[in-house]
Each structure stands twice: as structure tokens, then as C-alpha cells.
Amino acid sequence: MLFELIDDLACHESAQLVWLASSCLAVVYVVGWYLMCRRMNSWTLEEPSHAKTRKGHKVSVILPVKGVHEQTLDNWRTQIKLDHGGETEYFFCMESTQDPAYKAAMEFKEEQKDLKNVNVVVCGLSFYCTQKIHNLLEGVSQISKESNYVLFLDDDAQMSSRILLSLMDVLDRDDKVLIASGWPFEVNPKTFAGFMLFAYRMLSVIALGQKYPTVLWGGCLLLRTRDLFDDKVGILQAWEDCGYSDDMIMAGRASKVNKKIFIPPVAVLPSMMKEDYSVRNHWNYIRRQMFVCDTYSDIFDRMNNLFLLIVICIIVLLVGCLTFQVLILASLVGAGKSWLLGHLSAYHLNRQSCGWIPLAPDVLYVIISAFALVWIHSIYMANETLIKTCSRVYGKQFPPLTSHYSVLFWVKFFFALLAQCTFQSSSAVIAMLDNSIVWSGICYKKAKGKVASVWRRTTDGEWYTVPLKESQEKAKTARMKRP
């Protein structure tokens, strides 16, 4: 009776339309992963020895930091050794001297005493935009007038001179490109939440298969200094105008001025997955990611972000991923039933078609199960390509994902992906209904796509705020007074 119910559900015409759509979207993902692998495998690394061609270029590196974690100092050491053939200046930007990052940055500066251009910037608290954007603005206000490029770099990933050279090369040779971006890659998931983050990355990594993607990653962004300060582009102005997301604003500005985003295939920044990464941590992370998609600086950004939020994060994930996985489970059950019971009953002998598909249900189950293996294989190959790329770029071996045939690993991944699609879709809906989010202990409230108020806690645990305009004017005045 149960098996007949599964057959009836699988062969229902309405269900078949949904499952056909989900299978088509799954094909899109497979093609996307294939294109990503082909593009990354065909890219030639530029060696640091070639950096002498850019001897006259100066790069200003802005590092917005908050707190410290177990990988912070190791990541800083890879970031401080960037060699592009010219001069580099670094600005470690944090909100206050009370931030643990301040003490760590001062000690790190002392450790790097041979480098003269390492600066620690105390930015103060922001009540008019996100703290990260405020830190970026403070750092930008202090870069040298001779700077040719500005690199915005988070502290939660490793960096390589080869990546910097590839980013610079893109901006040197292609005037259509406004922003050259890197891409994050968390290595070796251990917890169930880690598998969910891994699934999230693998769904978005198909952007690396496109020459000019419409998305970027705020953790590694390189711009020409003149473009950053260009009022026609308007990045700094949009940040100052109660901006919430630095990278979404950048992507919107690029589209608005008909410029491109480029992600070199070698620009993959790896970080080791935290062993204590929990489901609660992941839910908070995904909530923040989806909240970003409901922020904007103008109507142009709003339409782009709504498309990303509604079409990609809700419809595509529910139909193209979650529904496809349910289809796989139903097909595995159906295929298992055929193997166990055979085609002995009159019910199976008489049923030669499944809805409007001229195939018996058992044949359809086998086809879908086979495609599921292709789907899983594509994810495996995409991850292996990322691992090999990181090994080439950083000159060291990174731990492989798993054995291709590790059933337990792929079972964990499968159900983590089910949970991830559910988390992301529900977070997208919440983002359209809830106008507040807590990020690093700070409560941001939005209105009309921008930050409307910023709330912080006192030492007694009480929430407080400062009038937005007052904070905004104070920050602008302080930046204008700097030489």
C-alpha cells in the first residue's frame, strides 16, 4: 500500500510538473559546476616573480577587524606578506581600544617591526551605518594620495601574493571591470552545521564559472583608487548614506554604471572550518546573509536584491534544490521497492506509464537515481577543483574532502543540504518581514533599505542608541579634518 502511494504521488501530473522543473534546475547546477571546473583548470597562475612589472603601483590594504579567533594571527601573517612588486600599506581598523583586536593588532605591529607601513586605526562607534562600513570609511580616509589600488580584506581567510597579482592583472587589462573579487572556501567540515555551510558554499560557487558574475564576496575586493573616489560611481557616498552591506552596495554600483565584476579562478581564499561551528551559529549567519538582500541604496539596487532574495533564495532553492532532493529520496525508495519486490504484482505489470511520461514508475526511479549520482559527482569534482586550486596558489596541500565513495559523508551532506535549503528559504522570508538583525552584538534596524538606527548594550546590559544624523555628521566632520 505504501509503495502504491509513492507511485501515485510520483505519477500525479501536478507533482510531475514541479519535479520536472526541479530536475531542470538541478541540470543547471551540474552545468554550472562543470563550467566552474573547466574555467579554474584552464587558468594560468601569475608567479610572484613577475611582480616587477608593477613596481610603481602602490596598494592600500584595509582590514576591518573585530575580536580575534584561533586563525586570526595566522591569516594576518599571510596577508602582511603580500608582494606585488610595489609598495603596500596596511590599515587594521577596529571600533575601539576595548576590542580584543586592538591589543592583538598592536602586538602584531610590533612583531612586524621591519614593515613601516602597518597602521592601527581606532575608528570609534558607528550609529549611522554598520560598524564594518564605518571602519572601511575610516581606513579609506587615511590611505596615501599615491595609492593606485585599494584592497578590502577580511581577517577570516588566508591570502596569497598570487591572488593579489591576479586581481591587479584583471583591473590592469580590462577597463570594463570595476571590481576584482576573491571567493571564500571553508575546508574540511566536521559538524552538521559545518556541512550546512559547505552546502551553502557549493550552491553559490557556480558564480566562478561565469566570466562576469553579478555577485562578489566582501572579504576580498580590489578596486582602482580613482574608481573608489569617483562620485559618478558613488560607492563611498552610498556607504556614508546609512549603508548596511559594503559588498552589495559595491555590486549595485558596478551594475548601475555598466561596469563588470570579475573573479579570477585562482582567487580562492581558504579557511579551516571551526570545530565548534553550531547550528545556532549557522542560523545566525544565514539570517544575516538574507537580511542583507533586503537592503539597498536606491530603487535600482532594490530590484536586483529582491530578485536575488525572492527568485534565487526562495523559489530556486525550494524548487531546484529542496524539491529535487525529495524527488531523489522518493526515487531511491521506489527503486529499492523494485529491487526487493520485483515486478510480480498485477499493479506493476499493468502500469506502463507514469502520468504523461511514457515510462513505468520503476524505470523513472532508476533514471532519477542515476542522475542523482551525476549530481553528487559534480559537487565532488567542484570541491576537488577548489582544493587543487588552493594547493597550487598557496604551495601546500589542503586536506581532501573525503573519499569519492564515502557513503556516510554524502549522507551527511545530503541531509545538511536539505536543512540548508530550509534555513535559507525561511530566512529569506523572515528578512522581508523583520526589519532588525543582531550582528556581533549590535542591533541594526532598517527602513527603506538603509540603516534606520543602531542599538548597542551598555556594560549593564541596557540597550542604547545615538541619533543617526548626529553620529553621521560627527563621523564626516572627523574625516574632513584629516590631512
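Each remark here, short or long, concerns the structure printed above.
Thresholds, definitions, all that
- Residues numbered from 1 in each chain as written.
- Predicted model: local features only at pLDDT ≥ 70, side-chain atom pairs only at ≥ 80, totals over all residues.
- Heavy atoms only, no water.
- Core = buried A, V, L, I, M, F, W, Y, C linked by side-chain atoms within 4.5 Å.
- Buried < 20%, exposed > 50% of the residue type's maximum accessible area, 1.4 Å probe, protein only.
- Helix = DSSP H or I, 4+ residues; strand = E, 2+ residues; numbered from the N terminus.
- Contact = heavy atoms within 4.5 Å.
- Polar contact = N/O pair within 3.5 Å; in protein donor to acceptor, adjacent residues only side chain to side chain.
- Salt bridge = Lys/Arg side-chain N within 4 Å of Asp/Glu carboxyl O.
- Pairing = 2+ DSSP bridges.
- Axes fitted to C-alpha atoms, helices over the stretch in contact; angles between N-to-C directions.
- Phe/Tyr/Trp six-rings, centres within 6.5 Å; stacked < 30°, edge-to-face > 60°.
- Lys NZ or Arg CZ within 6 Å of the ring centre and 35° of its normal.
- Parallel < 35°, antiparallel > 145°, perpendicular 65-115°, else oblique.
- Left-handed = near helix turned anticlockwise from the far one by under 90°.
- Nonpolar A, V, L, I, M, F, W, Y, C, P; charged D, E, K, R; others polar.
- Right-handed = clockwise from strand over helix to strand, strands pointing away.
- Expected span 1.5 Å × (residues − 1).

Q: Looking at this model, I keep getting lost on the nonpolar core. Mind explaining?
A: Generally speaking, soluble globular proteins have nonpolar side chains that are buried together. Core analysis: the biggest nonpolar cluster contains 89 residues, and Phe92, Leu151, Met159 and Trp375 have the highest contact counts within it. Here the element with the most residues in this core is helix H14 (residues 361-394); it accounts for 13 residues. Once residues within four sequence positions are removed from consideration, Trp375 is found in contact with Ala26, Tyr29, Val30, Trp33, Phe324, Gln325, Ile328 and Leu417. Core analysis: the next-biggest nonpolar cluster, separate from the first, contains 57 residues, Cys123, Ile286, Ala428 and Val451 among them.

Q: Even after reading the chapter, I still don't get the side chain of Thr385, so can you show me in this structure?
A: Examined against the element boundaries, Thr385 turns out to sit in helix H14. We classify Thr385 as buried; its relative accessible area is 5%. A distance of 2.8 Å separates a polar atom in the side chain of Thr385 from the backbone oxygen of Met381. When neighbours within four sequence positions are excluded, Thr385 is seen to be in contact with Met36, Cys37, Met40 and Asn41.

Q: Teacher, can you tell me more about the pattern of salt bridges here?
A: Where charged atoms from two side chains of opposite charge approach closely, those side chains can pair. For the structure on display, the rule yields 19 salt bridges. Lys58 is paired through a salt bridge with Glu87; the nearest N and O atoms lie 3.5 Å apart. Here Lys58, found in strand E1 (residues 58-64), pairs with Glu87, found in strand E2 (residues 87-94); they are 29 residues apart in sequence, far enough to count as distant. The exposure class assigned to Glu87 is partly exposed, which follows from its relative accessible area of 39%. One salt-bridge network, held together by shared partners, links Arg253, Lys256, Asp298 and Asp301.

Q: How should I be thinking about the sheet that holds strand E11 (residues 442-447) in this particular structure?
A: Hydrogen bonds along the backbone pair up the strands of a sheet, which may run parallel or antiparallel. Overall, antiparallel pairing links the four strands, which are arranged E10-E11-E12-E13 in an open sheet. Every interior strand has two partners, whereas the edge strands, strand E10 (436-439) and strand E13 (463-464), have only one. One ladder, built from five bridges, connects E11 with strand E12 (residues 450-457); its direction is antiparallel. Paired with Tyr444 across the strands is Val454, a residue of E12.

Q: Would you mind showing me how to read unusual backbone geometry here?
A: Among all residues save glycine, negative phi is the norm, and among peptide bonds the norm is trans. In the Ramachandran plot, Asn258 falls in the positive-phi region, its phi being about 60° despite a non-glycine side chain. Unusually for a residue other than glycine, Ser440 sits at a positive phi of about 55°. Inspection of the secondary structure assignment puts Ser440 in the loop between E10 and E11.

Q: Help me understand the pairing of strand E3 (residues 118-122), please; the structure alone is not making it clear to me.
A: Every regular strand shows the same layout, with side chains that alternate between the two sheet faces. Bridging between E2 and E3 involves five bridges; their strand directions are parallel. Opposite Met94, over in E3, you have Val122 as the bridge partner.

Q: Honestly, the sheet that holds strand E7 (residues 220-224) in this entry has me stumped. Any pointers?
A: Ordered by their spatial adjacency, seven strands build an open sheet running E3-E2-E1-E4-E7-E5-E8, and the pairing between neighbours is mixed. The sheet is open, and its two edges are formed by E3 and strand E8 (260-262), each paired on a single side. Taking each pair of neighbouring strands and ignoring which way they run, the sheet shows an average axis angle of 20°. Sitting on the sheet, helix H4 (residues 100-111) is in contact with E2 and E3, with an inclination near 160° to E3. Those strands touched by helix H5 (residues 131-140) are E1, E2 and strand E4 (149-153), and its axis lies near 150° from that of E1.

Q: What am I meant to see in the packing of aromatic side chains here?
A: Here a ring pair, both rings aromatic, is described through the centre-centre distance and the interplanar angle of the planes. The tally for this structure, following the rule as stated, stands at 22 aromatic pairs. The ring of Phe262 carries the charged tip of Arg173 above its face, separated from the ring centre by 5.9 Å. We note Arg456 situated over the ring of Phe127; from NZ or CZ to the ring centre the distance is 5.3 Å.

Q: How should I be thinking about the packing of helix H11 (residues 279-292) against helix H15 (residues 407-433) in this particular structure?
A: A pair of packed helices is characterised by two quantities: the angle between their axes and the separation of those axes. Where H11 meets H15, the axes come as close as 8 Å, and the angle between the chain directions of the two elements is 45°. Considering their axes alone, H11 and H15 lie oblique with respect to each other. Viewed along their axes, H11 and H15 form a crossing whose handedness is right-handed. Residues Val279, His282, Trp283, Ile286, Arg287, Met290 and Phe291 of H11 pack against Gln420, Phe423, Gln424, Ser426, Ser427, Ala428, Ile430 and Ala431 of H15. A per-class count over the contact of H11 with H15 returns nine nonpolar, five polar and one charged.

Q: Mind showing me how you'd approach the side chain of Ser181 here?
A: Among the structural elements, Ser181 can be located in strand E5 (residues 177-181). Given the relative accessible area of 0%, Ser181 is considered buried. Here the side chain of Ser181 touches Trp217 through a polar contact of 3.2 Å, landing on its backbone nitrogen. Residues contacting Ser181, with those up to four places away along its chain left out, are Leu167, Leu216, Trp217, Cys220, Leu221, Phe262, Ile263, Pro264 and Ala267.

Q: How should the pairing of E1 be read in this particular structure?
A: Among the seven residues that make up E1, seven are buried, leaving the element largely enclosed by the rest of the structure. Of the two faces of E1, the one lined by Lys58, Ser60, Ile62 and Pro64 and the one lined by Val59, Val61 and Leu63 are each fully buried. Of the crossover connections in this fold, the one passing from E1 over helix H3 (residues 72-80) to the parallel E2 is right-handed. Pairing of E1 with E4, which is carried by four bridges, proceeds in the parallel orientation. Within E4, the position partnered with Val61 by the bridge is Leu151.

Q: Help me understand H11, please; the structure alone is not making it clear to me.
A: In an α-helix there are 3.6 residues to a turn, and that puts residues three or four apart on one side. In a regular helix each residue adds 1.5 Å, so 14 residues correspond to 20 Å; H11 covers 20 Å between its end C-alpha atoms and thus fits that length. Taken residue by residue, H11 has His282, Tyr285, Ile286, Arg287, Arg288, Met290, Phe291 and Val292 as its buried positions.

On their own, these measurements won't tell you what the molecule is for.
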